[in-house]
Amino acid sequence: MSANQYSAQPGRLTVNPDAQAMIDVARKEGIETVWDRLAAQQPQCGYCALGLSCRNCAMGPCRIDPFGEGPQKGVCGADADVIVARNLGRTIAAGSSSHSDHGRDILEVFAAMARGETSGYQVTDEDKLRRVAVELGVATEDRSTDEVASDLADVLLDDYGSRRESLSFLHRVPEVRKAKWAELGITPRGIDRENVEMMHRTHMGVDNDYVNLLLHGLRTSLSDGWGGSMIATELSDIMFGTPKPVMSQVNLGVLSRDQVNIAMHGHNPLLSDVIVDAAQDPELLELAKSYGATGINVVGLCCTGNEILMRKGVPIAGNHLMQELVLITGALEAMVVDYQCIMPSVVDVAKCYHTKVISTSDKAKFPGATHVSFDPSRGAEVAREIVRMAVEAYPDRNQERVRIPVEPVRMMGGFSVEAILGALGGTPKPLVDAIVAGTIRGAVAVVGCNNPKLPQDLEHIELTRQLIENDILVLVTGCAAVANGKAGQMLPESAALAGPGLRSVCEALGIPPVLHMGSCVDNSRVIALAAALAGYLDVDIDQLPLAGAAPEWYSEKAVAIGAYVVASGITTVLGVQPPIFGSPHVVQLLADGLDGVVGAKFAVEPDPDKAALLIRRHIEAKREALGLPFVPVDEIREAVPQVTVGGAATAEG
Ligand code: SF4
Ligand code: MSK
C-alpha cells in the first residue's frame, strides 16, 4: 500500500495507515488514547446528547424527559425549546469567543508592532496593509507603514466594543444580505458585545423565546465570521504574508529520524511563525549538530500547522486525532502548544517519552507541561529559548523507540482569496464563467475537525471525492484540509480525480480540485470569496451554487462557523448530530425555517454518500433558480477540449 492510500474498512478507528500503526503501538504499550477514553465514557448521557439538560443555575441541574413521561420543565419553568436554544446559544458564544479572542491577540500584537514595541514581527505584505486600510477608511497617502498600521489597529479595536452599529468588514457583504440582517435584527455590532449579550440572554429568566435566542445566536456567530476571525486572517496575512500556492508534505512521515523534531500545535501563528524562523538560527543549528542531530525540523499540527503550511510550506504531521499519536512516534523533542483543540492528555502521553510539552499562552496552562510565557516584546528571544529547550532534549531520545510509520504525502496549500483570484487573472470572471457554463457546477467548503465517534478522516475524504468527481470545486480549511492532503487529493495531478469540467479548469491552472484556504479562522476567507462572487454577479450569496459541510466536527468553534456560514446564506451539512434534537421546534427552525429568512439552513447527514447527494441536489437547485443550464457529465466530457497541465506559481516548501 502506498502512503497516500486510505483504508475505509468498516469498524476501523481511522482510515490512515500512519494513525493505525500508532494506535497499534499504543495498544501494545498500554498508552491510553482518545478512543479508549471515548469507549470508557459509554453510554454517554442521552439528555445531554439531545440538549435537554441545563445547569445554568443552582436551582438545577435540570433535565427534560424526551419521552414525555417525566418532567417537561426545569425548576424555573424552562421547557425543552428554551433549554435547547440556550445551550446552543452558549455553544455559539464559546466558539465565537475563541476565534475572536485569537483575533484580538493578533490585533494587540499588530498594534504593539506599529508602536515599535515587539521583536520578531513586521509588516510582510505592505500592499495588503494599505488595501485593507483604504477599505476601512484609513488614510494611507504619504503615511508611513507604522502610521497606517496604527490607525488600522485603532479601527479594528473599536470593532470589539460597543461604539459601532455594524462591524468594519461588513462593507464586504452584499447590500441585499445586509438589508436581510437589518430586518431580522441580527447585524453584528461589536464582537465582545454580541458574545456578552448571549451570556446575558441565556442567564435564568432573560430570553425565554427560543426564536429570539437563536436569532441572537446567528448575530453572535456573524460577529465571529465577519469580525474576530476576519480580523485574525487579514492581520495575520499582513504580518506574516498572504498565502500563495506552495508545496508541502503531510502525515507522520514528515518527522525526521535524525533531526530535532518540534511540533507546533494549536491555532495562533504569532508564536509558530517566529519559531519557524528561530529553527534556522545558526547557533541553535550548531547546538543540534553538537548533540548528533543533522538539523531542526519544525512540523505543524492542527490549525497553527495550517497557518505555517499556508505561508511557509512547513510540513504538517496531522490533524486533531493525531495529537496523541504523533507523540507515540517517540521522535518528538518538543510539542509546543498555544491554545484551542489541545487535549490535556498530551502531557500524559508525552511522559511515556522524552518529549517536552511546552505551553506558551498564559490563557492556556497544562499541569505537567513546561510553561514559557509568550511575550511579543521579546518574541524572537522566546522562540529561540523554546527551540533551545527542544534541542537540549535530543540526547534523551531513545532511537530504538522511534517509529515513523509512513513516507510523507505531497500536498499543495496556500489558496488565499488573493491567490485564487490571482490564479484566475485577478478577477472572479473566469470562475463565474466556468460556473455559468456548467464546467464547474458549484463550490463546497468542507471544513472542520476530527471526531473519534467517526472513523478518522473517512467522511472528509469520501465526501470530497464524490464532490470533485461531479465537477464541484472543494474549498477546505482546518483539520479537513489535512485529511484531504493525506489522501492525496490536494496535488495538481489530483485534478485527474475530478469530473471532466473541473479537471479541465484545474489542469489549465495547475491547481488541485481541492483548495486549501487555511486554518479555522480562515473560514473568513471562504465567506469573503462567496461575497466577492455574489458582488460580481450582483446577486445575494444564497443565490449562488454553494454549500458548506462539517463532516467530522467536534468543537464549539465549528458550531459558530456553521452558524455564520448559514447566516451568510450558505446551506451547511453536518456529519455529527448536534445536541438539539430534544426540541423539535429548534430542529424545525434550523433545518427548515431559516431557509425562509436567511436563504440557507442546516442539514445533518453522517453518511458521506447521502451527504454528497444532498449537496449535489442543493447545488443543482441553486443553478436552476439562477437559470443556469444543467449539463450532464457526459456532455461536459465531450465538450471539454484537451488541455495541457499549466503551472500555478508555486514555491517548493
Ligand atoms: Fe434548571 Fe432553569 Fe436553573 Fe436551568 S435555569 S438549571 S432549567 S432552574
Ligand atoms: S484545529 S477546531 S479540530 S478544525 Fe482548528 Fe481542527 Fe476543528 Fe480544532
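Residues numbered from 1 in each chain as written. Chains lettered and ligands numbered in written order. Predicted model: local features only at pLDDT ≥ 70, side-chain atom pairs only at ≥ 80, totals over all residues. Heavy atoms only, no water.

## Describing the packing of helix α5 (residues 126–135) against helix α6 (residues 145–159)
Alright, step 1. Interaxial distance between α5 and α6 falls to 10 Å at its minimum, and their mutual angle equals 45 degrees. The angle between the axes of α5 and α6 places the two elements in the oblique class. Helix-helix and strand crossings are classified by hand; for α5 and α6 the assignment is left-handed. Contacts from Glu-126, Leu-129, Arg-130, Val-132 and Ala-133 of α5 reach α6 at Thr-145, Val-148, Ala-149 and Leu-152.
Alright, step 2. The class makeup of the residues in the contact of α5 with α6 is six nonpolar, one polar and two charged. (Axes fitted to C-alpha atoms, helices over the stretch in contact; angles between N-to-C directions. Helix = DSSP H or I, 4+ residues; strand = E, 2+ residues; numbered from the N terminus. Parallel < 35°, antiparallel > 145°, perpendicular 65-115°, else oblique. Left-handed = near helix turned anticlockwise from the far one by under 90°. Contact = heavy atoms within 4.5 Å. Nonpolar A, V, L, I, M, F, W, Y, C, P; charged D, E, K, R; others polar.)

## Topic: the sheet that holds strand β14 (residues 546–550)
Alright, step 1. Read from one edge of the open sheet, six strands run β13-β12-β11-β14-β15-β16, paired in parallel fashion. Strand pairing shows two members of the sheet lacking a second neighbour, β13 (514–518) and β16 (602–604), which therefore form its edges. Within the sheet, the average angular offset between the axes of one strand and its neighbour, ignoring direction, is 25 degrees.
Alright, step 2. As judged from the three bridges shared by β14 and strand β15 (residues 572–574), these two strands associate in the parallel manner. Counterpart to Ala-549 in the pairing with β15 is Val-573. (Pairing = 2+ DSSP bridges.)

## Looking at the site of ligand 2
Alright, step 1. Around ligand 2 sit 13 residues in total, of which His-267, Cys-303, Cys-341, Cys-479 and Cys-520 are the nearest.
Alright, step 2. Among the detected pockets, ligand 2 sits in the largest cavity.
Alright, step 3. For the shell around ligand 2, the elements supplying multiple residues, two or more each, are α12 (302–312) and α19 (478–486).
Alright, step 4. Among the residues making up the shell around ligand 2, the classes are represented as seven nonpolar, five polar and one charged.
Alright, step 5. Here the shell around ligand 2 spans two domains, and each of domain 3 (252–401) and domain 4 (415–642) adds at least three residues to it. (Near = heavy atom within 4 Å. 1 Å grid on protein atoms, 1.4 Å probe; cavity = no way out; pocket = protein on both sides within 12 Å on 5 of 7 lines; lining within 4 Å. Sits in = over half its atoms within 2 Å of the grid points. Domains from an automatic or database assignment.)

## So, the domain arrangement of the protein
The figure often quoted for interface size is the accessible area lost as the parts come together.
Alright, step 1. Considered domain by domain, the protein is made up of domain 1 (3–63), domain 2 (83–240), domain 3 (252–401) and domain 4 (415–642).
Alright, step 2. Using C-alpha coordinates to define each centre, domain 3 is positioned 33 Å away from domain 4.
Alright, step 3. With 16 residues of domain 3 in contact, the opposing surface of domain 4 contributes 22 residues.
Alright, step 4. Between domain 3 and domain 4, roughly 1,400 Å² of surface is buried when both sides are summed, and carbon and sulfur atoms account for 64% of that area.
Alright, step 5. In terms of surface lost to domain 4, no three residues of domain 3 exceed Met-310, Asn-319 and Leu-321, which account for 40% of the buried area on that side.
Alright, step 6. At the junction of domain 3 with domain 4, the criterion picks out 11 residue pairs in polar contact (both at pLDDT 80 or more).
Alright, step 7. Of all the secondary-structure elements, those providing two or more residues to the side of domain 3 that touches domain 4 are α12 and β6 (316–318).
Alright, step 8. Of the residues in the side of domain 3 that touches domain 4, the class split is eight nonpolar, six polar and two charged. (Buried area = accessible area lost by both parts, 1.4 Å probe. Polar contact = N/O pair within 3.5 Å; in protein donor to acceptor, adjacent residues only side chain to side chain.)

## Description of the site of ligand 1
Alright, step 1. Near ligand 1, the surroundings consist of 13 residues, among which Cys-54, Cys-57, Cys-62, Cys-76 and Arg-86 are the closest.
Alright, step 2. Tallied by class, residues from the shell around ligand 1 come to eight nonpolar, three polar and two charged.
Alright, step 3. Shared between two domains, the shell around ligand 1 takes at least three residues from each, and those domains are domain 1 (3–63) and domain 2 (83–240).

## Notes on the pattern of salt bridges
Pairs may arise between side chains of opposite charge once their charged atoms sit close together.
Alright, step 1. Following the criterion strictly, the structure yields 50 salt bridges and no others.
Alright, step 2. Of the charged contacts, one joins Arg-37 and Glu-32 as a salt bridge, the two residues approaching to 3.3 Å between their closest N and O atoms. (Salt bridge = Lys/Arg side-chain N within 4 Å of Asp/Glu carboxyl O.)

## So, helix α18 (residues 458–469)
Alright, step 1. Along its 12 residues, α18 runs 16 Å from first to last C-alpha, staying within 8% of the 16 Å computed at 1.5 Å per residue.
Alright, step 2. A large share of α18 lies buried, amounting to 10 of its 12 residues.
Alright, step 3. Here α18 has its buried residues at Leu-458, Glu-459, His-460, Ile-461, Glu-462, Leu-463, Thr-464, Gln-466, Leu-467 and Ile-468. (Expected span 1.5 Å × (residues − 1). Buried < 20%, exposed > 50% of the residue type's maximum accessible area, 1.4 Å probe, protein only.)

## Describing the packing of aromatic side chains
Alright, step 1. A full pass over the atoms with the stated rule returns two aromatic pairs.
Alright, step 2. Seen from their ring centres, Tyr-121 and Phe-240 are 6.1 Å apart, and the 65 degrees between their planes marks the pair as edge-to-face. Placement of the pair is Tyr-121 in the loop between α4 (80–114) and α5 and Phe-240 in helix α9 (residues 210–240), with a sequence separation of 119 residues.
Alright, step 3. Its relative accessible area of 9% is what places Phe-240 among the buried residues. (Phe/Tyr/Trp six-rings, centres within 6.5 Å; stacked < 30°, edge-to-face > 60°.)

## Concerning empty space enclosed by the protein
Alright, step 1. Per the counting criterion, the structure on display carries five cavities of 30 Å³ or more.
Alright, step 2. For the largest cavity, the calculated volume is near 360 Å³.
Alright, step 3. Every residue lining the largest cavity is counted, 39 residues in all, and those nearest its centre are Ala-445, Val-447, Thr-477, Asn-523 and Val-526.
Alright, step 4. Residues that form the lining of the largest cavity fall into these classes: 28 nonpolar, 10 polar and one charged. (Points joined across faces, edges and corners; volume = space filled by probe spheres on them.)

## Observations concerning the pairing of strand β11 (residues 442–446)
Alright, step 1. Burial runs high along β11: five of the five residues are buried.
Alright, step 2. In β11, alternate side chains face the same way, and those of Gly-442, Val-444 and Val-446 on one face and Ala-443 and Ala-445 on the other are all buried.
Alright, step 3. Note: β11 against strand β12 (residues 472–477), five bridges, orientation parallel. Each bridged residue has a counterpart across the sheet, and for Gly-442 the counterpart in β12 is Ile-472.
Alright, step 4. Note that the unit made of β11, α18 and β12 has a crossover that is right-handed.
Alright, step 5. Sheet topology note: the β11/β14 ladder contains four bridges and is parallel. Bridge pairing links Ala-443 to Leu-546 in β14. (Right-handed = clockwise from strand over helix to strand, strands pointing away.)

## Here we look at the nonpolar core
Alright, step 1. Core analysis: the biggest nonpolar cluster contains 173 residues, and Phe-110, Leu-152, Trp-226, Leu-235, Val-260, Ile-296 and Ile-615 have the highest contact counts within it.
Alright, step 2. Here this core takes 15 residues from α4, the largest share from any one element.
Alright, step 3. Apart from the residues lying within four places of it in its own chain, the contact partners of Phe-110 are Leu-129, Ala-149, Leu-152, Ala-153, Leu-235, Ile-238 and Met-239.
Alright, step 4. Counting 38 residues, the second-largest nonpolar core is a separate cluster that includes Met-22, Ile-31, Tyr-339 and Tyr-353. (Core = buried A, V, L, I, M, F, W, Y, C linked by side-chain atoms within 4.5 Å.)

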